[in-house]
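# Survey of secondary and tertiary structure
Listed here are the chains, written in short residue letters.
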Amino acid sequence: MTLRWIVFALAAFVMNFPVLATLITAFKSPAEVSRNPSLWIEAPTLANFATVLTVSDRLNVYHYLWNSTVAALIGAVLPMLVAFPLAWAMVRRGVGRGVLFPLVVNLRALPLIIFAIPLYMMFSVAGLLDTRLGLGLLLSVVNLPLALLLLVNAVAEIPTEIEEAAHMDGARLPRLLFRVVLPLCRPALITTFIFGFITAWNEFLFGLMLTTRDAVPMTVGASFFFATSGGGVQWGVAAAVMIVAALPPLCLGLVMYRRISGSMVAGAVKG
């Protein structure tokens, strides 16, 4: 048992070493970062975080955080609204199950860079460049395959007897979907939202390509803190801004973790 815990602790340390090193670097002064690359902090300081959280004419971390929050919420919620009724239609009515479903899911396997040029042209014509709405809509498209895959599996696990009983009680399609099926899919919906939010929050390519000032997300804005006026890298500031950027999705995952694994279908139908 002791050996097992030692192996587990070593594995956890190795897997989380980059995060730990970044966190420790964030509390070091520039001079200490240069002379002390170890995990030991000689003189902890909050100066790096103060630099990151101080608003200037060129850098505003709160603006970047707000942009990412709005775009990630759109990119997480909209795919759920589209995928939920589509997933039910695919499972219960067979709509698009043979062609549309594998086509949408396999699109996620393609490298996103191949869509860069046509998307940029489309967004330019539509006036969606450098807007939170435009970025959120694009992130919705990125998250749609995963949302559809998760919700198709969730609907398929719901016993048909539950829907048949609701139909016999007079429930029409809208009520059946949103009063019967939707609550049973809640764990899958929560999982879909969390993964969608984290994926949208971490997106860098389209944030860099489609935004310039007004809608710059945190992933892109964080890179603005790295360079110094002399052209070097502020490692302490860079580490601090990465920690700040990681906090929202980390907190969401920790808060919602216990609500992912529950199942509201278990035991719903008696044998």
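Since this is a predicted model, take the numbers as computed values, not measurements.

## Structural notes on the side chain of Glu32
If you trace the backbone, Glu32 turns up in helix 2 (residues 30–35). Among buried Asp, Glu, Lys and Arg side chains, Glu32 stands out as unpaired, with Arg35 the closest opposite charge at 5.0 Å. Every residue in contact with Glu32, bar those within four places of it in the chain, is listed here: Trp40, Ile41, Glu42 and Ala43.

## A look at unusual backbone geometry
Even without being glycine, Asp130 reaches a positive phi, approximately 55 degrees. Along the chain, Asp130 falls in the loop between helix 6 (116–126) and helix 7 (132–156). Overall, Asp130 belongs to the buried group, its relative accessible area being 14%.

## Some remarks on the nonpolar core
Val52, Leu148, Cys185, Met218 and Phe225 are the most contacted members of the largest nonpolar core, which has 59 residues in total. The element contributing the most residues to this core is helix 4 (residues 61–93), with 13 residues. Leaving out residues up to four positions away in the same chain, Met218 has contacts with Val61, Tyr64, Leu65, Ser68, Trp201, Val241 and Ala245. Of all hydrophobic cores here, the second largest spans 8 residues; its members include Leu128, Leu138, Val142 and Leu210.

## Overview of helix 9 (residues 173–184)
With 12 residues, helix 9 ought to run about 16 Å at 1.5 Å a step, and its terminal C-alpha atoms sit 15 Å apart, in line with that. Within the span of helix 9, buried status applies to Leu176, Leu177, Val180, Val181 and Leu184. The buried residues of helix 9 occupy one face: seen down the axis, they fall within an arc of 130 degrees. Structural note: helix 9 exposes Pro174 and Arg179 on the side pointing more than 90 degrees away from its buried face. On its buried side, helix 9 packs onto helix 4, helix 8 (160–168) and helix 10 (186–202).

Rules used throughout
- Residues numbered from 1 in each chain as written.
- Predicted model: local features only at pLDDT ≥ 70, side-chain atom pairs only at ≥ 80, totals over all residues.
- Heavy atoms only, no water.
- Helix = DSSP H or I, 4+ residues; strand = E, 2+ residues; numbered from the N terminus.
- Buried < 20%, exposed > 50% of the residue type's maximum accessible area, 1.4 Å probe, protein only.
- Lys, Arg positive; Asp, Glu negative; His and termini not counted.
- Salt bridge = Lys/Arg side-chain N within 4 Å of Asp/Glu carboxyl O.
- Contact = heavy atoms within 4.5 Å.
- Core = buried A, V, L, I, M, F, W, Y, C linked by side-chain atoms within 4.5 Å.
- Expected span 1.5 Å × (residues − 1).
- Arc of directions from axis to C-beta.

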